[in-house]
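Below are the chains, spelled out letter by letter.
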Amino acid sequence: MGIDISLTQIEKDFLWDLACNRHDDAKHHFSKIKCHKNLIFYAMNNRLEIHLENFLKKEGLINRIEPSLINNFYLSLENRVKRNFAINQKALNLLDEYSQNKINYSVLKGLSYTSISRKFNRTLRDIDVLIARDDIGKAVKIANKHGFQFKNHIQFSENMILDESKVYDLPDLIDKNKICLEIHYKIFRESRITPCALSDIILDNKLEYQFFDKTIYGSSPAIALVHLIYHATKKGNFDVGLTAIFDYFFLLDYISNTDKDLVFEITSNFGLIKEAEIFFLLQKENISEEESKKMDIFKNLIFSINANTNIQSLFQDTNKFRVMKSLLKMVFVNKRELNREFNIQPEKGFIMYYFKRGVRQIIQFRYLIYLLVFKRNRFKEKSKLIDEFYL
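Now for a look at the structure at hand. (Residues numbered from 1 in each chain as written. Predicted model: local features only at pLDDT ≥ 70, side-chain atom pairs only at ≥ 80, totals over all residues. Heavy atoms only, no water.)

Here we look at the pairing of strand β7 (residues 214-218)
- Extensive coverage of β7 is indicated by the burial of four of its five residues.
- Sheet topology note: the strand β6 (residues 207-211)/β7 ladder contains five bridges and is antiparallel. Looking at β7, one finds that Glu208 is bridged to Tyr217.
- Counting the residues that bridge the hairpin from β6 to β7 gives two residues, and of these Phe212 lies at a positive phi of roughly 55 degrees. (Buried < 20%, exposed > 50% of the residue type's maximum accessible area, 1.4 Å probe, protein only. Helix = DSSP H or I, 4+ residues; strand = E, 2+ residues; numbered from the N terminus. Pairing = 2+ DSSP bridges.)

Encoded structure:
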């Protein structure tokens, strides 16, 4: 979760134009920014250093960045590139072995864009893979061979897969370099069954991609775009940020008119047509007044607070009883979810595990807790924007 940085309107306009490939407009807005601290910090906290540096160098503006900021910026960029290289290298070796062992899988998110472009420009945070349920046990064993381990489990067990739950992946598998492997068994978090309908589409239509001597499986550009639209909007209450806009314009270079028809067909079937329409509106040159209003709402959502999905949902519900019930469920999760995370030893009792989970959540979401206490209006503002988007 990135740090919440309050950008000025001109800074938002610059970043928006940059993401939308409107470089002349971006250059115009950049010229009006006197202090670049917010831009640099926003780029560093949202994995956008490469995009910003490419623009600044191309336009001859890199020297406009204050000396007090440029060193930290380049240090962050260097660390990002090194980390990206390490994740890609680890991913290719793991995924190639999945391919050789006939694992039914497809890479997701950043790795799917890498597959499509056969370039390593897209910065990665994790290795995200969708795997058919019957192959997950075998896939975990192969991941173990590559140094990935669960934190609280020695091995995979079926009770890590939760039907009738919003949980959509296994507990994280981490290697010694803190590279995270996320194994997904469904896409739609709201789906009560595993796999979900979109998971089936992704796996049934996966494509083979070659990287030198490595073989990996990923989505076509159209299917990758469907997943992006869902992931950037409904899945997490618009919590992905500006990266989603950069990713959309990247995918556009690989999308045909036939692909667009397929995207609209699939998103329409899954109740995501409004979300698809706003993305395709991004590259439209002349938009109506009504479309402009909708785009302004979408833009504000993209720059809104990056909030935990469950907590943001509390602000969407006006029924206080349901809010309290949801809050209690978040704190006191059911035993299945507790066991998924901690591999419960019954003789130790459940109370200890609730305590461990509480400590973990406080550490993991400490900044979010700060925002809830001192800046809860930011959540209310985002809730209002979400309501306006879906009017």
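Quick notes on a nonpolar patch on the surface
- Residues Phe355, Val359 and Ile363 make up a contiguous nonpolar surface patch of roughly 300 Å² in combined accessible area.
- Note that Ile363 resides in helix α17 (residues 351-364). (Patch = residues over 30% accessible without salt bridge, like charges linked within 9 Å, V, L, I, M, F, W, Y side chains within 5 Å. Areas by Shrake-Rupley, 256 points an atom, 1.4 Å probe, with all protein chains shown as cover. Salt bridge = Lys/Arg side-chain N within 4 Å of Asp/Glu carboxyl O.)

Points about helix α10 (residues 243-252)
- α10 sits mainly inside the fold: nine of its ten residues count as buried.
- Those residues of α10 that sit buried are Thr243, Ala244, Ile245, Phe246, Asp247, Tyr248, Phe249, Leu251 and Leu252.
- Where α10 is buried, its residues meet α1 (9-19), α4 (49-58), α6 (109-117), α9 (221-232), α12 (273-280) and α13 (289-302). (Contact = heavy atoms within 4.5 Å.)

Looking at unusual backbone geometry
- Cis geometry marks the peptide bond from Thr194 to Pro195, where omega comes out at -5 degrees.
- Take Pro195: it is sitting in the loop between β5 (180-184) and α8 (197-204).
- Within the chain, Glu164 stands out as a residue other than glycine whose phi angle is a positive 55 degrees.
- Positionally, Glu164 belongs in the loop between β3 (149-150) and β4 (173-174).

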